[in-house]
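Survey of secondary and tertiary structure
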Amino acid sequence: MASVGACGGAAEPTAADLASLSPQPTPEGALGAYIRLLELKVKDPSLTLFTPETRRLLAGMTMRDDQQDNELRSLRPATESMSVRSRGSLAVIRFAAEHRKVSPYFFRRGADGWMLDLATPRRVLVFNQANEWPFRSRDHEYAFAFDDG
């Protein structure tokens, strides 16, 4: 990913903005911090909001403003119908059926709070051109959050 920055005339994120993009007390709070990251167009893969495995994954990727805008556009309305399923230090936020094109978000709790895990979905979900996300495998530690079907 590119370095921290904002494009399209938006103001550069402040130190306070960047400090808020860190582990949170709840999975919902971590998703809120991620939404803020998308709004600010922050592209720093080293943020502690991400799990260490996610940081390694993102370090090798490039994120564009339009990708962040598209994710934000689909994610915002879906949050009105989100549900959280957690077990121990793992959590998944899922969305209502009318937002089925929005994939679930995976979280892991560390010593400082809840972090976003983008690496696991990349291993266990298949994202196709129709933005559907069937499982590649149900043999993973977050499977408990999908035991209803």
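Calculation rules
Residues numbered from 1 in each chain as written. Predicted model: local features only at pLDDT ≥ 70, side-chain atom pairs only at ≥ 80, totals over all residues. Heavy atoms only, no water. Helix = DSSP H or I, 4+ residues; strand = E, 2+ residues; numbered from the N terminus. Contact = heavy atoms within 4.5 Å. Areas by Shrake-Rupley, 256 points an atom, 1.4 Å probe, with all protein chains shown as cover. Buried < 20%, exposed > 50% of the residue type's maximum accessible area, 1.4 Å probe, protein only. Phe/Tyr/Trp six-rings, centres within 6.5 Å; stacked < 30°, edge-to-face > 60°. Salt bridge = Lys/Arg side-chain N within 4 Å of Asp/Glu carboxyl O. Pairing = 2+ DSSP bridges.

When helices and strands are counted, the chain shows five helices and four strands. Traced from its N-terminal end to its C-terminal end, the chain shows the element sequence α-α-α-α-β-β-β-β-α. Contacts spanning at least 24 positions in sequence make up 56% of the contacts within the chain whose residues lie at least 6 apart. Within the structure as shown, the chain displays about 7800 Å² of accessible surface, and the carbon and sulfur contribution to it stands at 50%.

Backbone geometry at Lys41 places phi at a positive 65 degrees, although glycine is not the residue there. Structurally, the position occupied by Lys41 is in the loop between helix H2 (27–40) and helix H3 (52–59). Among the residues examined, Lys41 registers a relative accessible area of 11% and is labelled buried.

This brings us to the packing of aromatic side chains. Per the stated rule, a full pass over the model turns up five aromatic pairs. Arranged with centres 4.6 Å apart and planes meeting at 80 degrees, the rings of Phe106 and Tyr142 form a pair that is edge-to-face. Here Phe106, found in strand S3 (residues 105–110), pairs with Tyr142, found in the segment after helix H5 (119–124); they are 36 residues apart in sequence, far enough to count as distant. Owing to a relative accessible area of 0%, Phe106 belongs among the buried residues under this scheme. Judged by its relative accessible area of 0%, Tyr142 falls in the buried class. Here the aromatic cluster, defined as three or more aromatic residues joined through ring pairs, consists of Tyr34, Phe50, Phe95 and Tyr105.

One pass over the full model with this rule turns up eight salt bridges. The closest approach of N and O atoms between Asp65 and Lys43, which form a salt bridge, is 2.5 Å. Residue Asp65 is located in helix H4 (residues 65–78), and its partner Lys43 is located in the loop between H2 and H3; the two are separated by 22 residues in the primary sequence. Each member of the pair, Asp65 as well as Lys43, is classed as buried. Among the ionic contacts, a cluster of salt bridges with common partners joins Asp17, Arg36, Glu39 and Arg76.

With five bridges connecting them, strand S1 (residues 83–87) and strand S2 (residues 90–94) associate as antiparallel partners. Residue pairing in the sheet places Arg85 in a bridge with Val92 of S2. Between the end of S1 and the start of S2, which pair antiparallel, lie two residues, with Gly88 showing a positive phi angle near 60 degrees.

Let us look at the pairing of S3. Bridging between S2 and S3 involves four bridges; their strand directions are antiparallel. The residue of S3 that forms the bridge with Leu90 is Arg108. Strand direction decides the pairing type here: S3 and strand S4 (residues 113–117), joined by five bridges, are antiparallel. Pairing of Arg108 across the sheet is with Met115, part of S4. The turn joining S3 and S4, which pair antiparallel and follow one another in sequence, is formed by two residues.

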